[in-house]
Structures are given as structure tokens and as C-alpha cells.
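Spelled out, the chains give:
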Amino acid sequence: MSQKVSNNHRIFLIVISWLLSRLWLSFEISRLAILRATHKPAVIRITRQQRRLLPSHWVLERNMLYCLSVNETCDQMLIRETPIETN
């Protein structure tokens with residue numbers, strides 16, 4: 001009788017562990033699906049083309065990035081605009 005109870009106990013533990021592993025796997029898959037569905041901001045990389053950058057003011061508006069630089073030594077004001085593509 002004790003052998004039969006022991007076998008039933010093992011089968012019960014195997015079934016419970018299998019159900020728990022399935023539950024954990026379904027939680028992980030749903031969590032990853034939610035993370036994939038949420039909108040992540042695009043990484044925008046702006047490289048500089050000259051050695052020394054002037055003090056500047058950056059403005060991001062819709063799909064354009066504007067850079068306003070003032071060079072007081074040459075009495076120049078530079079405005080650069082860069083289009084930004086959204087994914």
C-alpha cells in the first residue's frame with residue numbers, strides 16, 4: 001500500500017511541477033509580448049563634424065531637429081536643421 005501511495009505522490013509532484021512550469025512560461029511569454037507592443041523611443045544619434053562645437057540651442061519639433069549656434073567672434077549665427085525619421 002505504501003508503494004502505491006509513494007507512486008501516486010511522485011506522479012502528483014510531476015504533474016504539479018509540469019503545470020507550474022507551463023504557468024511560468026505563459027507569464028514570461030505574455031510579459032515579452034507586452035514589452036514588444038509598447039512604443040519605445042527611437043535612438044537618434046547625431047555625430048559632430050567639426051572638432052569644437054559652439055554653444056548652441058537645440059530644438060526638436062515634430063520630425064525636424066534644429067540647432068541654433070552663435071559665434072560671437074565672427075558675428076555669425078548658424079541654424080542647422082536635420083530631418084528625423086521615425087520608425
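Residues numbered from 1 in each chain as written. Predicted model: local features only at pLDDT ≥ 70, side-chain atom pairs only at ≥ 80, totals over all residues. Heavy atoms only, no water.

### Notes on the overall build of the protein
Part 1: What the protein contains, in helices and strands, is 1 helix and 3 strands.
Part 2: Mapped in sequence order, the helices and strands of the protein form the string α-β-β-β.
Part 3: Here the protein holds 87 residues, and 8% of them are scored as buried.
Part 4: The contacts of the protein with a sequence gap of at least 6 include a subset with a gap of at least 24, amounting to 10%.
Part 5: Total accessible area on the protein stands at roughly 8,800 Å², and carbon and sulfur atoms take up 60% of it. (Helix = DSSP H or I, 4+ residues; strand = E, 2+ residues; numbered from the N terminus. Buried < 20%, exposed > 50% of the residue type's maximum accessible area, 1.4 Å probe, protein only. Contact = heavy atoms within 4.5 Å. Areas by Shrake-Rupley, 256 points an atom, 1.4 Å probe, with all protein chains shown as cover.)

### Overview of the sheet that holds strand 3 (residues 76-83)
Part 1: Spatially, 3 strands are ordered 1-2-3 in an open sheet, and the strand pairing comes out antiparallel. Bordering the open sheet on either side are strand 1 (56-61) and strand 3, each of which pairs with just one other strand. Across the sheet, the mean angle from the axis of one strand to that of its neighbour is 15 degrees, orientation sign disregarded.
Part 2: In this structure, strand 2 (residues 64-71) lies alongside strand 3, joined through 8 bridges in antiparallel fashion. Across the sheet, residue methionine 64 finds its bridge partner in strand 3, namely proline 83. (Pairing = 2+ DSSP bridges. Axes fitted to C-alpha atoms, helices over the stretch in contact; angles between N-to-C directions.)

### Things to note about unusual backbone geometry
Part 1: Positive phi outside glycine occurs at arginine 62, with the angle close to 50 degrees.
Part 2: For arginine 62, the location among the structural elements is in the loop between strand 1 and strand 2.

### Quick notes on the pairing of strand 1
Part 1: Bridging between strand 1 and strand 2 involves 6 bridges; their strand directions are antiparallel. Across the sheet, the residue bridging to valine 59 is tyrosine 66, located in strand 2.
Part 2: Taking the residues that link successive antiparallel strands as the turn, the strand 1-strand 2 hairpin has 2 residues, and the phi of arginine 62 there is positive, at about 50 degrees.

### Considering the environment of glutamate 81
Part 1: In this structure, glutamate 81 sits in strand 3.
Part 2: Residues glutamate 81 and leucine 68, 13 residues apart in the sequence, show an inter-C-alpha distance of 8.9 Å.
Part 3: Dropping the residues within four chain positions of it, glutamate 81 is found in contact with Met64, Leu65 and Tyr66.

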